[in-house]
Amino acid sequence: ECLQNIPGKKILHFAPEPILENEIRKYSQHQYFTTDYHMSGVDYLGEDIQKLSFDDMFFNNVLKPVADDQSALVELARISKTGGTAIITLPGNWRRKQTKTFSHLNYNGHYRDYGLDVIELLQCSFSRVTKRKLFNYEGKRYAIKPLETAFICIK
């Protein structure tokens, strides 16, 4: 809904969820692209978020977690326009201060279960970081867990 009031942007969506992809595609003023390292049916197949093939300042972005999160964030900042927005969702416990790290993907398919210290990591690559709860956004409730959070990162 908030996308309808924004002038045309380039949006790059990593590991696109079909429901969200269908919703974003409704707003034709935006150039919307999808990518994933393994997922088929995306616009840019095989893109490694830790080393992207895109030129500098090419996209606004959406991120899913990867093995080297710091390199991924540096890459997202690199390809974002000045003033561009990266909406980053991560697995985490937003009541806990510290991130838990795992040596393998057997824990829920992720290398980390983030804590609030992730904000400092995001601030290393972006000039402004805001935390937004997704469960109850702009007075509306969605089918999202109550503590689910997105980090809005401005380059």
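Structural data are supplied above this passage.
So, a few notes on the structure that sits alongside this text. A quick note: this is a predicted structure, and the numbers were derived from the prediction, not measured. (Residues numbered from 1 in each chain as written. Predicted model: local features only at pLDDT ≥ 70, side-chain atom pairs only at ≥ 80, totals over all residues. Heavy atoms only, no water.)

Re the packing of aromatic side chains
We count it as follows: Note on aromatic pairs: the rings of Phe, Tyr and Trp (six-membered ring only in Trp) are paired at centre separations within 6.5 Å, and the planes decide the class, stacked below 30 degrees, edge-to-face beyond 60, tilted for the rest. Segments assigned H or I by DSSP are reported as helices when at least four residues long, segments assigned E as strands when at least two residues long, and all are numbered from the N terminus. The classification of residues rests on relative accessible area computed with a 1.4 Å probe and restricted to protein chains. Under 20% of the type maximum is buried, over 50% is exposed, and intermediate values are partly exposed.
In the structure shown here, the tally under the stated rule is two aromatic pairs. When the centroid spacing of 5.9 Å and the interplanar angle of 50 degrees are considered together, the rings of Phe33 and Tyr44 count as tilted. With Phe33 in strand β2 (residues 31-36) and Tyr44 in strand β3 (residues 44-45), the pair connects residues that are eleven residues apart, well separated along the chain. Given a relative accessible area of 19%, Phe33 falls into the buried group.

Description of the pattern of salt bridges
Stated formally: Take a side-chain nitrogen of Lys or Arg and a carboxyl oxygen of Asp or Glu: if they are within 4 Å of each other, that pair is a salt bridge.
Counted according to the given criterion, the structure contains six salt bridges. Put simply, Glu23 and Lys26 hold a salt bridge, and the shortest N to O gap is 3.0 Å. You can call Lys26 exposed: its relative accessible area is 58%. Among the charged side chains, a network of salt bridges with common partners joins Glu21, Arg25 and Asp43.

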